[in-house]
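# Structural overview
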Amino acid sequence: MIDKIKEYITEVEQFTSSDKEEIEAFRIRYLGKKGVLNDFFAAFKSVPNGEKKEFGQAVNHLKNAAQEKVNALKEALESQADQKSIYGDLTRPAEPIPLGARHPISIVKNQIIDIFSRIGFNVSEGPEIEDDWHNFTALNLPEYHPARDMQDTFFIQTDPDILLRTHTSSVQVRYMEEHKPPIRTISPGRVYRNEAISARSHCFFHQVEGLYIDKGVSFADLKQTLQYFTKEMFGKSKIRLRPSYFPFTEPSAEVDVYWGLETESDYKITKGTGWLEIMGCGMVDPNVLKNCNIDSTEYSGFAFGIGIDRIAMLLHQIPDIRMLSENDVRFLGQFKSVL
Ligand code: PHE
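Source: prediction; values computed, not measured. (Residues numbered from 1 in each chain as written. Predicted model: local features only at pLDDT ≥ 70, side-chain atom pairs only at ≥ 80, totals over all residues. Heavy atoms only, no water.)

### Focus on the overall build of the protein chain
A tally of regular secondary structure across the protein chain gives 12 helices and 10 strands. For the protein chain, the C-alpha radius of gyration of 41 Å lies well beyond 20 Å, the compact-globule estimate for 339 residues. Projecting the C-alpha coordinates of the protein chain onto the three principal axes gives extents of approximately 125 × 50 × 40 Å. Here the protein chain holds 339 residues, and the buried ones make up 42% of them. Summarising the internal contacts of the protein chain: among those between residues at least 6 apart in sequence, 66% fall at separations of at least 24. When the accessible surface of the protein chain is split by element, carbon and sulfur atoms take 51% of a total near 19,800 Å². For the protein chain, the distance from the average position of its 40 positive side-chain charges to the average position of its 49 negative side-chain charges is 7 Å. (Helix = DSSP H or I, 4+ residues; strand = E, 2+ residues; numbered from the N terminus. Rg over C-alpha atoms; globule rule 2.2 N^0.38 Å. Buried < 20%, exposed > 50% of the residue type's maximum accessible area, 1.4 Å probe, protein only. Contact = heavy atoms within 4.5 Å. Areas by Shrake-Rupley, 256 points an atom, 1.4 Å probe, with all protein chains shown as cover. Lys, Arg positive; Asp, Glu negative; His and termini not counted. Charge placed at Lys NZ, Arg CZ, Asp CG, Glu CD.)

### Some words on the site of the ligand
Around the ligand sit 14 residues, and of these His167, Ser169, Arg193, Gln207 and Glu209 come closest. Elements with a minimum of two residues in the shell around the ligand: β6 (204-214), β9 (275-284) and β10 (300-307). Counting residues per element, the shell around the ligand draws most heavily on β10, at 3 residues. Of the residues in the shell around the ligand, the class split is 5 nonpolar, 7 polar and 2 charged. (Near = heavy atom within 4 Å. Nonpolar A, V, L, I, M, F, W, Y, C, P; charged D, E, K, R; others polar.)

### Notes on unusual backbone geometry
Cis geometry is found at the peptide bond from Pro181 to Pro182, where omega equals 5 degrees. Cis geometry is found at the peptide bond from Glu250 to Pro251, where omega equals -5 degrees. In this fold, Pro251 is placed in strand β8 (residues 249-258). Non-glycine residue Lys271 carries a positive phi angle of around 50 degrees. Mapped onto the secondary structure, Lys271 falls in the loop between α9 (264-269) and β9. Lys271 gets classed as exposed once you look at its relative accessible area, which sits at 73%. Even without being a glycine, Asn327 presents a positive backbone phi close to 55 degrees. With respect to the element layout, Asn327 can be found in the loop between α11 (308-316) and α12 (329-332). For Asn327, a relative accessible area of 55% corresponds to the exposed category.

### As for the packing of aromatic side chains
With the rule as written, the count across this model stands at 19 aromatic pairs. Centroid distance Phe15 to Phe26: 4.1 Å. Interplanar angle 5 degrees. Geometry classified as stacked. Highlighted residues: Phe15 in the loop between α1 (2-14) and α2 (20-31) and Phe26 in helix α2, separated in sequence by 11 residues. With a centroid separation of 6.2 Å and 65 degrees between ring planes, the pair formed by Phe121 and Tyr212 is classed as edge-to-face. In this pair, Phe121 is assigned in the loop between α5 (104-117) and β1 (122-123) and Tyr212 in strand β6, connecting sequence segments 91 residues apart. Its end group placed over the ring of Tyr8, Lys4 keeps NZ or CZ at 5.2 Å from the ring centre. Geometry around Trp259 places Lys236 over its ring, the cationic atom sitting 4.8 Å from the centre. (Phe/Tyr/Trp six-rings, centres within 6.5 Å; stacked < 30°, edge-to-face > 60°. Lys NZ or Arg CZ within 6 Å of the ring centre and 35° of its normal.)

### Some thoughts on the nonpolar core
Residues Phe229 and Phe304 are the most contacted members of the largest nonpolar core, which totals 41 residues. At the level of secondary structure, the elements contributing two or more residues to this core comprise α5, β6, α8 (219-234), β8, β9, β10, α11 and α12. Not counting chain neighbours up to four residues away, the residues in contact with Phe304 comprise Phe116, Ile186, Val208, Glu209, Gly210, Leu226, Met279, Gly280 and Cys281. Formed by 22 residues, the second largest nonpolar core is a distinct cluster that contains Tyr30, Val36, Phe40 and Leu62. (Core = buried A, V, L, I, M, F, W, Y, C linked by side-chain atoms within 4.5 Å.)

### A few points about the domain arrangement of the protein chain
Domain annotation for the protein chain reports domain 1 (2-84) and domain 2 (104-335). Between the C-alpha centres of domain 1 and domain 2 the distance comes to 86 Å. (Domains from an automatic or database assignment.)

### A word on the UniProt feature "binding site: Mg(2+)" (unreviewed entry) in the protein chain
Listed under "binding site: Mg(2+)" (unreviewed entry) in the UniProt record, and renumbered for this structure, are Glu250. Mapped onto the fold, Glu250 is located in strand β8. Sequence-distant contacts of Glu250, that is, excluding residues within four places in its chain, are made with Met283 and Asp285. (UniProt positions renumbered as here; feature names shortened; annotations may be inferred.)

So this is what it looks like as C-alpha cells:
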C-alpha cells in the first residue's frame, strides 16, 4: 500500500493545470469525501500495528502535497485573472472613444475670427459683468439718453452702475483706453438683453464686434472690409448699406448681403427680397474717441457688430435659437463633421 501512496504522491507532484474545473476535479479526487485520501484513512484500521507509523506518515505526506498543490494552482489562477482585469486582452480591437463636437456658436465664432485675423485684426475680450461707463456712457449713451432703450438691460438691483453687458462694444472701450492707435481688434463674446425668449430671440446671445482706428480711415475702408468679410464668410460679395442709427457711430448703417433667390429656402430666409440683414456698422463717433482719450482730429475709425447666433442659425439651418443653449447632445452631435 505504501508503494501505491508513493505513486499517488508523484502523480500529485506532477499534476499541473490552469483550468479551474480541472483543478477542482483534482481536489475532489484526492481531498473530497469519497476521495483517495479518505480511502486510505479508512484503510488505516486494517494496517498492521508495526506499519501504522510509516503508513500514517505517507498518507499525511500525500494529503499535504495534494492540499498544497490545490492551493498553489488556485493562487496562480487568481493572479492570472487579476492581471487580465488590469491589462485586458491586448490583442482585442480598441473600443471606439466617442469624440465630442464643437458647438455651432464656436464654429461660427472661429470662422469669423479666422477671417478677420487674416487682415490683421487681433482678438480682445472683456468682462460680461460691466459698469455703466464701458457699456453705455463712454459709447455716447449718457444716463437718461433715450437710445439706451434700444437695448433692454439687466441691471444689478442693488447697484445700477453694474449690469450685464448688452453688447461687446464695451470691450472696445476698454481696448481703446488701454491701447494707442493703430487699433485693429475684434471682440467676440456673450451679451445679455432683457428680452422675451422665443424661437427668434433670447435673453443672451453672442456677438463679434470689430474696431479699426488709424489715421485717415474712411467709410470706403469700412465697405471694403465688409465686402471682404461677406465674400469669405458666405461666398457672396454683393452688399448694400442702409442708413441707420447707433449712438456710438456717425454715420451708421445696417449691412445687407445679397443672398439670392435661387431656392425655396432663399425665399424663406430673405422674405422674398433676396437681401439678408447681417450686421450694424458705422464710423466711430468722435465723442467716443474723446471719451477713450484718442485725439479725434488725428484719428478716425470704423466699428461693426455681428450677431453670431443668427449667422449660425442661417448657415446650419437651425430653426430655433433656444436649441443653441439647451445642450441636447442629439442636436450638438450633428456638428461632428464641421471643423
Ligand atoms: N453694438 C451694436 C449692437 O449691439 C452693434 C454695432 C457695433 C453697431 C458697432 C455699430 C457699430 O447692436
